[in-house]
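# Commentary on secondary and tertiary structure
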Amino acid sequence: MKFRILLISLIIFLVNRTSATTLQGSILTDTSIRGPVDVIAQVSLAPNITLTFEEGAILNMHTGASIVGSDGSHIVFSGTVSKPILINAADGKNWGKVEANGATGHLEVHHVQSHMGQFRVMKGATAIIEDSYMHDYFQGDNPIVYTEDAGNVNISRCKFSNYYELNLVRTLAVVEDCLFQFMTADGIDFDNSPPGTILRRSTLQYGRGFNIDAIDFGKVNFTGNGSIALVEQCLVHDISDKGVSVGEGALDVTIRGCVFFNCGAGSAVKDNSIAHIFNNTIVGCDAGIECVEKNPGLGGGHAFTYNNIIWKSHEPFFINSTGTADIQYSLIDGMSPDASRHIFYADPLFTNETLTDYHLLPGSPAIGVGLNGEDLGAIFPVGGIFNQPNEL
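The sections below set out a description of the structure shown in this document.

Thresholds applied
- Residues numbered from 1 in each chain as written.
- Predicted model: local features only at pLDDT ≥ 70, side-chain atom pairs only at ≥ 80, totals over all residues.
- Heavy atoms only, no water.
- Helix = DSSP H or I, 4+ residues; strand = E, 2+ residues; numbered from the N terminus.
- Buried < 20%, exposed > 50% of the residue type's maximum accessible area, 1.4 Å probe, protein only.
- Contact = heavy atoms within 4.5 Å.
- Polar contact = N/O pair within 3.5 Å; in protein donor to acceptor, adjacent residues only side chain to side chain.
- Salt bridge = Lys/Arg side-chain N within 4 Å of Asp/Glu carboxyl O.
- Core = buried A, V, L, I, M, F, W, Y, C linked by side-chain atoms within 4.5 Å.
- Phe/Tyr/Trp six-rings, centres within 6.5 Å; stacked < 30°, edge-to-face > 60°.
- Lys NZ or Arg CZ within 6 Å of the ring centre and 35° of its normal.

What the chain contains, in helices and strands, is one helix and 39 strands. By residue count, 53% of the 392 residues in the chain fall in the buried class. Long-range contacts, defined as pairs at least 24 residues apart, comprise 53% of the intrachain contacts of the chain with a sequence gap of at least 6.

All right, on to the environment of Asn307 then. Structurally, Asn307 is set in the loop between strand E32 (302-306) and strand E33 (309-311). Taking the C-alpha atoms as reference points, Asn307 and Ile327, 20 residues apart in sequence, are found 9.1 Å from one another. Setting aside its immediate chain neighbours within four residues, Asn307 contacts Asn279, Asn280, Gln328, Tyr329, Ser330, Gly370, Leu371, Glu374, Asp375, Leu376 and Gly377. At 2.9 Å, the side chain of Asn307 and the side chain of Glu374 are in polar contact.

Side chains carrying opposite charge are able to pair once their charged atoms draw close together. Per the counting criterion, the structure on display carries 17 salt bridges. Put simply, Arg34 and Glu54 hold a salt bridge, and the shortest N to O gap is 2.8 Å. Of this pair, Arg34 sits in the loop between strand E2 (31-33) and strand E3 (36-45) while Glu54 sits in the loop between strand E4 (50-53) and strand E5 (58-61); the two residues are 20 residues apart in sequence, bridging distant segments of the chain. We classify Arg34 as exposed; its relative accessible area is 62%.

Below, the discussion takes up the nonpolar core. Ranked by internal contacts, the top residues of the largest apolar core, which has 84 residues, are Phe53, Phe77, Phe180 and Ile215. Leave out the neighbours within four places in its chain, and Phe53 touches Leu23, Ile33, Val37, Leu59, Ile67, Val76, Phe77, Ser78 and Ile85. Core analysis: the next-biggest nonpolar cluster, separate from the first, contains 13 residues, Leu235, Val259, Ala378 and Val382 among them.

Tracing the backbone through its elements, the reader meets Tyr133 in strand E14 (residues 133-137). Judged by relative accessible area, which is 23%, Tyr133 ranks as partly exposed. Taking the C-alpha atoms as reference points, Tyr133 and Val145, twelve residues apart in sequence, are found 12 Å from one another. Setting aside residues no more than four positions away along its own chain, Tyr133 makes contact with Val112, Gln113, Ser114, Lys159 and Ser161.

This next bit is on the packing of aromatic side chains. Within this structure, the stated rule accounts for eleven aromatic pairs. Centroid distance Trp95 to Phe119: 6.3 Å. Interplanar angle 85°. Geometry classified as edge-to-face. You can see Trp95 sitting in the loop between strand E8 (85-89) and strand E9 (97-101) and its partner Phe119 sitting in strand E12 (residues 118-122), a full 24 residues away along the chain. Assigned by exposure class, Trp95 and Phe119 land together as buried. A ring pair is formed by Phe350 and Tyr358, whose centres lie 5.0 Å apart and whose planes are at 80°; its orientation type is edge-to-face. For Phe350, a relative accessible area of 7% puts it in the buried group. Exposure remark for Tyr358: the relative accessible area of 6% places this residue in the buried category. Ring-pair connections join several aromatic residues into one group, and the members of that group are Phe53, Phe77, Trp95 and Phe119. Seen from the ring of Tyr133, Lys159 lies directly overhead, with NZ or CZ sitting 4.8 Å from the centre.

Structural data, given as structure tokens:
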């Protein structure tokens with residue numbers, strides 16, 4: 001008899017644990033959800049409402065289902081290392097979006113794995129996205145993460161795989177320690193980026209197709225302020241076009257401490273943009289650095305470069321139109337030495353070029369010969385935090 005009671009209790013417990021809450025329509029009060037949930041249509045949050053998904057929650061997002069916050073509402077995914085939150089495509093098709101809106105709107109994403117959906121931060125809302133994996137989202141030219149006129153957006157320790165692009169528009173964004181791979185457009189696209197925008201210690205790799213930039217700075221419809229940003233200590237490789245593309249009148253983009261290999265160009269400065277490019281290692285690219293006019297009438301780009309190593313690239317520099325490059329204190333393969341500008345050629349003595357380890361060995365001629373006695377080349381460590389095999 002006791003065994004039968006225990007068995008019935010266990011069955012009831014399992015049913016309660018596995019049955020999913022159905023979510024749709026309007027949410028008018030603060031709500032916290034744990035366990036599985038079926039999101040079958042759009043969910044709309046009233047102003048100043050907080051919707052929280054607790055650790056271990058599983059969201060089954062049906063085709064077209066979205067979670068949208070109105071002004072002042074907060075959407076929080078409180079996953080943990082031991083109990084991440086899973087957001088699944090219930091029908092095996094793209095679902096809609098998770099979106100925060102308004103000056104006091106806020107999105108938090110902690111320890112989430114999201115499949116076949118989009119995240120948006122709009123119109124003054126802020127966001128923290130960290131320790132998460134977002135993948136397999138192709139819906140025309142829709143980015144997997146899209147921000148427009150957002151407040152502060154911080155993205156840390158995230159992995160993005162098999163997607164179109166990320167697009168951050170007129171948004172103060174700091175992106176750190178991330179991995180971007182198998183993109184079919186620009187890995188991450190910054191438009192009209194304000195001062196304080198940073199991409200650091202991230203890996204961008206394996207672009208899928210032609211005309212793929214790992215990192216792109218531009219403008220929306222060629223209007224508004226040019227970008228001001230910092231790219232530092234990133235690892236960029238196997239990209240068909242530019243490692244970093246600085247275009248459309250960017251006011252000042254700094255690229256420092258990075259490693260680029262097997263790219264169309266390490267960096268390209270276009271259309272009257274300005275970039276400071278220093279302490280980078282660029283290996284095996286079609287061009288090391290380009291200063292070019294892409295769009296007729298805008299003029300060439302302007303680069304101020306020093307403390308770089310450009311090695312085994314088809315052309316170390318490519319310049320056209322009114323483009324200019326100030327080149328100093330660099331080891332450049334394929335360029336005539338110039339003692340007055342401290343430009344020279346010698347084997348840099350990488351630790352293991354075959355294994356793409358571009359640390360300098362003791363005795364390297366690139367040690368201590370840069371501006372202010374600095375070493376030439378990248379500032380290690382470079383790249384994101386992910387070391388697991390990367391597969392589609």
